[in-house]
Amino acid sequence: MSTVSAPPRSVTVRVPAKVNCELRVGPLGADGYHELSTVFMAVGLYDEVTVTRAERWSVTTTGPYAAHVPSGSDNLAMRAARLLARHMRVTRAPVAIRIDKNIPVAGGMAGGSADAAGSLVACEHLWGLRMDRDELMELAAELGSDVPFCLAGGIAIGSGRGERLAPVLARGTYHWVFALSSQGLSTPEVFGEFDRLTTDISVPQPEPSPAMMTALRSGDPEALGDALVNDLQEPAFSLRPALRAVLDAGLEFGALGGIISGSGPTVAFLTGSSEHALDLCVALTASGVVDQVTRAKGPVHGVQILPGPTRE
Ligand code: ATP
């Protein structure tokens, strides 16, 4: 006898933050955007997104980074749900979205993109849509250049604006420490500063470096620490000079490498083990140069549906 299960009333997913192990910025295109080459790694610092059937659309945010997250239709999770509903012509679409926000806002860790990716997958499941993975990825790219990677997770090369993903041969688990700032940095402002500081008009076409590919293939955290590079680091330092002291402090306390994550202001440090990561957290906290520290392992999976949906 076959049983037909009722559709879920509510779906919860968890979505990881990302760090850019490498971020190369190429020439400015006619569309006003730079061609990028980046190596993303998903790390175990998660937002949880819950979607519940409702009479009207709404979004609420809880958790340590709930402040500064827009509560209306500007919220990326809401935009994602509405885009999917329109695209798939879902009737009775309204959902109440709840975001438990553990990824810093405007921290260069793709928190908003993570929520958009989470909302897409949660709504797909809630509405019983069986979508082709490529179709979902295309919608993700429409929402933002980091959204496809947040869906996929793991480690990947991103090109274009970061939305075109290619797999990377990688092994190992990496232990990161993140020095967080209480005030975010705006991504467009950091790119604006990159343009202001870049006087060389012959910026080369960006591509992943052999050193990064070799390091990831070897699974050696020391090699990865040496290969970390971010073209947005100097612009971020220029806008927020105090970040240079944070990077210096982490390296002085024995990190294998350090880098501004994405457009900052989060500073990511690579360590050799979870004990090493804990020691670095303690040293950075005691130093007083950072607002807050946290640690996480990578790579981790992209969006994951959590068990236990309530049913109608
Ligand atoms: P990236 O690393 O992709 O450049 P980021 O981590 O620097 O992104 P986000 O946390 O994604 O930055 O936030 C960027 C802006 O997006 C915020 O200023 C905020 O107003 C807006 N935003 C919209 N929806 C969300 C959301 N669900 N969570 C966080 N920010 C959001």
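Every value quoted in this text rests on a predicted model; they were computed, and no experiment measured them. (Residues numbered from 1 in each chain as written. Predicted model: local features only at pLDDT ≥ 70, side-chain atom pairs only at ≥ 80, totals over all residues. Heavy atoms only, no water.)

1. Considering the UniProt feature "active site" (unreviewed entry) in the protein
We apply this condition: UniProt positions are given in the numbering used here, feature names are shortened, and annotations may be inferred rather than shown by experiment. Points on a 1 Å grid over protein atoms alone make up a cavity when a 1.4 Å probe fits among them but cannot get out, and a pocket when they form an open set with protein on both sides within 12 Å along at least five of seven lines; lining residues each have an atom within 4 Å of a point. Here a strand is any run of E in DSSP of at least two residues, a helix any run of H or I of at least four, and the numbering for each starts at the N terminus. Accessibility here uses a 1.4 Å probe with only protein chains present; expressed as a share of the type maximum, an area under 20% marks a residue as buried, one over 50% as exposed, and anything in between as partly exposed. The contact criterion used throughout is that any non-hydrogen atoms of two residues lie within 4.5 Å.
The sites that carry the UniProt feature "active site" (unreviewed entry) are, in the present numbering, Lys-18 and Asp-146. These annotated residues cover 129 residues of sequence, and their C-alpha atoms lie no more than 9.0 Å from one another, placing them together at a single site. Checked against the lining of the largest pocket, the annotated residues just named reduce to Lys-18 and Asp-146. Mapping Lys-18 onto the fold places it in strand E1 (residues 10–28). In this structure Lys-18 comes out as buried when scored by relative accessible area, which is 4%. Here Lys-18 is in contact with Phe-40, Met-41, Ala-42, Val-43, Gly-108, Met-109, Ala-110, Asp-146, Phe-149, Ser-261 and Gly-262, once residues within four sequence places are set aside.

2. Notes on the site of the ligand
This is how it is decided: We call a residue near a molecule or strand as soon as one heavy atom of that residue lies within 4 Å of the molecule or strand. Any pair of N or O atoms that falls within 3.5 Å is considered a polar contact. Within protein, one atom must be able to donate a hydrogen and the other to accept it, and sequence-neighbouring residues count only if both atoms are side-chain atoms. Accessible areas in this description were obtained via Shrake-Rupley with a 1.4 Å probe; residue shielding takes into account the shown protein chains only. Whether a molecule lies in a cavity or pocket depends on its atoms, and more than half of them have to be within 2 Å of the grid points.
Surveying the vicinity of the ligand reveals 23 residues, the closest of which are Ala-106, Gly-108, Gly-112, Asp-115 and Asp-146. Here an oxygen atom of the ligand sits 2.9 Å away from a polar atom, N or O, in the main chain of Gly-108. Separating a nitrogen atom of the ligand from a side-chain N or O atom of Asp-115 is a distance of 2.8 Å. For the ligand, whose unbound accessible area comes to 620 Å², protein coverage reaches 79%. More than half of the atoms of the ligand fall within 2 Å of the grid points belonging to the largest pocket.

3. Observations regarding the packing of helix H2 (residues 111–126) against helix H3 (residues 133–143)
Rules: Interaxial angles span 0 to 180 degrees and are taken between N-to-C directions of axes, which are lines fitted to C-alpha atoms, for helices over the stretch in contact. Crossing handedness is defined as follows: a turn of the near helix away from the far one that is anticlockwise and smaller than a right angle gives a left-handed crossing, while the clockwise case is right-handed. Classification convention: Asp, Glu, Lys, Arg as charged; Ala, Val, Leu, Ile, Met, Phe, Trp, Tyr, Cys, Pro as nonpolar; all other residues, Gly among them, as polar.
In the contact formed by H2 and H3, the axes pass within 10 Å of each other and the chain directions differ by 145°. H2 and H3 meet at a crossing whose hand is right-handed. Between H2 and H3, the contacting residues are Ala-116, Leu-120, Val-121 and Glu-124 on the first element and Leu-136, Ala-140 and Leu-143 on the second. Here the contact of H2 with H3 is composed, by residue class, of six nonpolar, no polar and one charged.

4. Structural notes on the pairing of E1
This is how the line gets drawn: When DSSP finds at least two bridges between two strands, those strands are taken to pair.
Counting buried positions over the 19 residues of E1 gives 14, a clear majority of the element. As defined by bridge partners, E1 adjoins strand E2 (residues 34–53) across 16 bridges and the pair is classed as antiparallel. Pairing of Arg-24 across the sheet is with Ser-37, part of E2. In this structure, the hairpin formed by E1 and E2 is closed by a connection of five residues, where Gly-32 is found at a positive phi of approximately 85°. The pairing of E1 with strand E12 (residues 304–305) spans two bridges and is classified as antiparallel. Within E12, the residue paired with Val-13 across the bridge is Ile-305. The pairing of E1 with strand E8 (residues 229–230) spans two bridges and is parallel. Its bridge partner being in E8, Glu-22 is matched across the sheet by Val-229.

5. Structural notes on H2
As a reminder of what qualifies: To estimate the expected span of a helix, count its residues, drop one, and scale the result by 1.5 Å.
Helix length check: H2 (16 residues) gives 22 Å between terminal C-alpha atoms against 22 Å at 1.5 Å per residue, within 8%. One or two steps after H2, the chain reaches Gly-128, where phi turns positive at roughly 65°.

6. Observations concerning the side chain of Ser-119
Checked against the element boundaries, Ser-119 lands in helix H2. Engagement of the side chain of Ser-119 in a polar contact is seen with the backbone oxygen of Ala-77, the distance being 2.7 Å.

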